[in-house]
Amino acid sequence: MQPVKILDHFASEQLASCKGKDLLRVDEFSGEELTQLLHFAAYLKQRQKSGQPYQPLKGKTLGMIFDKSSTRTRVSFEVGMYQLGGMSMFLSGKELQLGRGEPISDTAKVMSRYVDAIMIRTFSHAGVEELAEHASIPIINGLTDQFHPCQALADMLTIWEHKGTLQGVKLAYVGDGNNVANSLVLAAALLGLDVRVATPPGYEMDADIVKKAAAYAQASGGRVVVTHDPAEAVNGADVIYTDVWTSMGFEAENEQRLKDFAAYQVNEQLVQHADPGYLFMHCLPAHRGEEVSAGVIDGPHSVVFDQAENRLHAQKAVLAALL
């Protein structure tokens, strides 16, 4: 892994523009702000690894609302808030008054009186936007059916660590045009990557998101290409990324999806089209034998556990910057 060059003493004023903002989708931040967040995440990671406490959030509380099950999101946010000197509260959506029909606007106003920020992992992105509209504190999208911005930040940090740069890196995404793909492509476009997306017919990314990403890429020097051909997407790729074929909430479609995605498995044959030093990435959980072969995800090119760890460091940067 190539070392990441960061400042010995990170100047927090570089992230002053982020204070008090929401993180609902990754392109609410500029390419420069995302770059600064990645530098900040690398700085926090270095401090944590060297045993130097950094606790700017003493006395701060993060409310965490979960409507969807979670491993990485819950643990990384809880640990991250603790390491920053604050505390977090797990709140099941079913156990809140939201589960009994309280308006989102009322919940937002009440929670704003109790906690300093809210992280929410749920289904409807519109519901998260409504929460942010009525809250007077930062709202962080821990995942919706449309976006997964925290994952995209961790992904960009991982690529930067291993490749030493983001500009011009060839990133291939193969699979479902889902929330992970949406955020990944937007972040990549803002940061100057050459990103190619291969999906089966009928499972393409949202056309408006692709259009926005293409505009960001034009400004950053990157590129966005969408195709139905996995080999075309992977050709010469520095990074190959995939996700499960059936995301949470789409379980009823699983049988049909297994058929539709059969030709989109990332396996030993497909990766032969990539650069010999390619990285394999997956946001986890993974289904070996479906979207990826065991030989690829457990092989020497896989960085999926570095990627999972970086959820912690990227989210710590977000928490500290917003608060």
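Residues numbered from 1 in each chain as written. Predicted model: local features only at pLDDT ≥ 70, side-chain atom pairs only at ≥ 80, totals over all residues. Heavy atoms only, no water.

Structural notes on the UniProt feature "binding site: L-ornithine" (unreviewed entry) in the protein
- As annotated in UniProt, the feature "binding site: L-ornithine" (unreviewed entry) corresponds to Asn179, Asp243, Ser247 and Met248 in the numbering used here. The greatest C-alpha distance among the annotated residues, which extend across 70 residues, is 11.8 Å, indicating that they converge on a single site.
- Within the secondary structure, aspartate 243 is located in the loop between strand E8 (239–242) and helix H9 (254–260).
- Not counting chain neighbours up to four residues away, the residues in contact with aspartate 243 comprise Tyr173, Val174, Asn178, Val180, His282, Cys283 and Glu291.
- Mapped onto the elements, methionine 248 comes out in the loop between E8 and H9.
- Overall, the relative accessible area of 27% leaves methionine 248 in the partly exposed class. (UniProt positions renumbered as here; feature names shortened; annotations may be inferred. Helix = DSSP H or I, 4+ residues; strand = E, 2+ residues; numbered from the N terminus. Contact = heavy atoms within 4.5 Å. Buried < 20%, exposed > 50% of the residue type's maximum accessible area, 1.4 Å probe, protein only.)

So, the packing of helix H1 (residues 31–49) against helix H11 (residues 304–322)
- Between H1 and H11, whose axes approach to 8 Å, the crossing angle comes to 115 degrees. When the interaxial angle is binned, H1 and H11 end up roughly perpendicular. Helix-helix and strand crossings are classified by hand; for H1 and H11 the assignment is right-handed. Contacts from Leu37, Phe40, Ala41, Leu44, Lys45, Gln48 and Lys49 in H1 reach Glu309, Asn310, His313, Ala314, Lys316, Ala317, Val318, Ala320 and Ala321 in H11. (Axes fitted to C-alpha atoms, helices over the stretch in contact; angles between N-to-C directions. Parallel < 35°, antiparallel > 145°, perpendicular 65-115°, else oblique. Left-handed = near helix turned anticlockwise from the far one by under 90°.)

A look at the pattern of salt bridges
- Counted according to the given criterion, the structure contains 11 salt bridges.
- Residue arginine 223 is joined to aspartate 194 by a salt bridge in which the shortest nitrogen-to-oxygen separation is 3.3 Å. Here arginine 223, found in strand E7 (residues 223–227), pairs with aspartate 194, found in strand E6 (residues 194–198); they are 29 residues apart in sequence, far enough to count as distant.
- Relative accessible area serves as the criterion here: at 42%, arginine 223 is assigned to the partly exposed category.
- When its relative accessible area of 12% is taken as the criterion, aspartate 194 is described as buried.
- Through salt bridges with shared partners, a single network forms among Asp176, Glu253 and Arg257. (Salt bridge = Lys/Arg side-chain N within 4 Å of Asp/Glu carboxyl O.)

Notes on the confidence of the model for the protein
- Across the protein, the average pLDDT comes to 94, with 95% of residues at 70 or higher.
- Least confident of the elements in the protein is H1, whose mean pLDDT is 95; most confident is E8, at 99.
- Note on residues 1–9: pLDDT is under 50 here. Beyond four places in sequence and across chains, it has 19 contacts. (pLDDT = per-residue confidence, 0-100.)

Describing the environment of phenylalanine 29
- Tracing the sequence through the fold places phenylalanine 29 in the segment before H1.
- C-alpha separation for the pair phenylalanine 29 and glutamate 78, spaced 49 residues apart in sequence, amounts to 24 Å.
- If near-sequence neighbours (up to four positions away) are discounted, phenylalanine 29 is found in contact with Cys18, Lys21, Asp22, Leu23, Leu34, Leu37, Leu190 and Leu322.

A word on the packing of aromatic side chains
- Counted under the stated rule, the structure contains 7 aromatic pairs.
- Here the aromatic residues Phe40, Tyr43 and Tyr54 are joined through ring pairs into a cluster of three or more.
- In this structure, lysine 21 is placed above the aromatic ring of phenylalanine 29, and the distance from its NZ or CZ to the ring centre is 4.3 Å.
- Directly above the ring of phenylalanine 90 sits arginine 74, whose terminal nitrogen or CZ lies 3.9 Å from the centroid. (Phe/Tyr/Trp six-rings, centres within 6.5 Å; stacked < 30°, edge-to-face > 60°. Lys NZ or Arg CZ within 6 Å of the ring centre and 35° of its normal.)

Structural notes on helix H5 (residues 149–163)
- Taking 1.5 Å as the rise per residue, H5 with 15 residues should run 21 Å; its terminal C-alpha atoms sit 21 Å apart, in good agreement.
- Summarising burial for H5: 14 of the 15 residues are buried, a large majority.
- A positive phi of about 80 degrees marks glycine 164, the residue just after H5. (Expected span 1.5 Å × (residues − 1).)

Observations regarding the nonpolar core
- Among the nonpolar cores identified, the biggest contains 69 residues, and Ile140, Met156, Ile159, Leu171 and Leu193 are the most heavily contacted of them.
- Among the elements that take part in this core, helix H6 (residues 179–190) stands out by supplying 9 residues, more than any other.
- Leaving out residues up to four positions away in the same chain, methionine 156 has contacts with Leu38, Leu166, Leu171, Leu184, Ala187, Ala188, Leu191 and Leu193.
- Ranked by size, the runner-up nonpolar core spans 20 residues in total, among them Ile240, Tyr264, Leu284 and Ile297. (Core = buried A, V, L, I, M, F, W, Y, C linked by side-chain atoms within 4.5 Å.)

Here's the deal with the sheet that holds strand E4 (residues 139–143)
- Sheet architecture is open: 4 strands sit in the order E2-E1-E3-E4, paired in parallel fashion. With partners counted over all chains shown, the strands left at the sheet margins are strand E2 (87–92) and E4, one partner each. Each strand axis lies, on average, 20 degrees off the axis of its neighbour in the sheet, ignoring direction.
- Pairing between strand E1 (residues 61–66) and strand E3 (residues 117–121): 5 bridges, direction parallel. Opposite leucine 62, over in E3, you have alanine 117 as the bridge partner.
- Helix-sheet contacts for helix H4 (residues 125–134) involve E3 and E4, and the interaxial angle to E4 is about 165 degrees. (Pairing = 2+ DSSP bridges.)

Observations regarding the sheet that holds strand E9 (residues 279–282)
- On the basis of which strands lie adjacent, the open sheet formed by 5 strands has the order E7-E6-E5-E8-E9 and parallel pairing. Both edges of this open sheet fall to E7 and E9, since each of them pairs with a single strand only. Adjacent strand axes in the sheet meet at a mean angle of 20 degrees when their direction is disregarded.
- Most of the contacts of H6 go to strand E5 (residues 170–174), to which it runs at about 170 degrees, and overall it touches E5, E6, E7 and E8.

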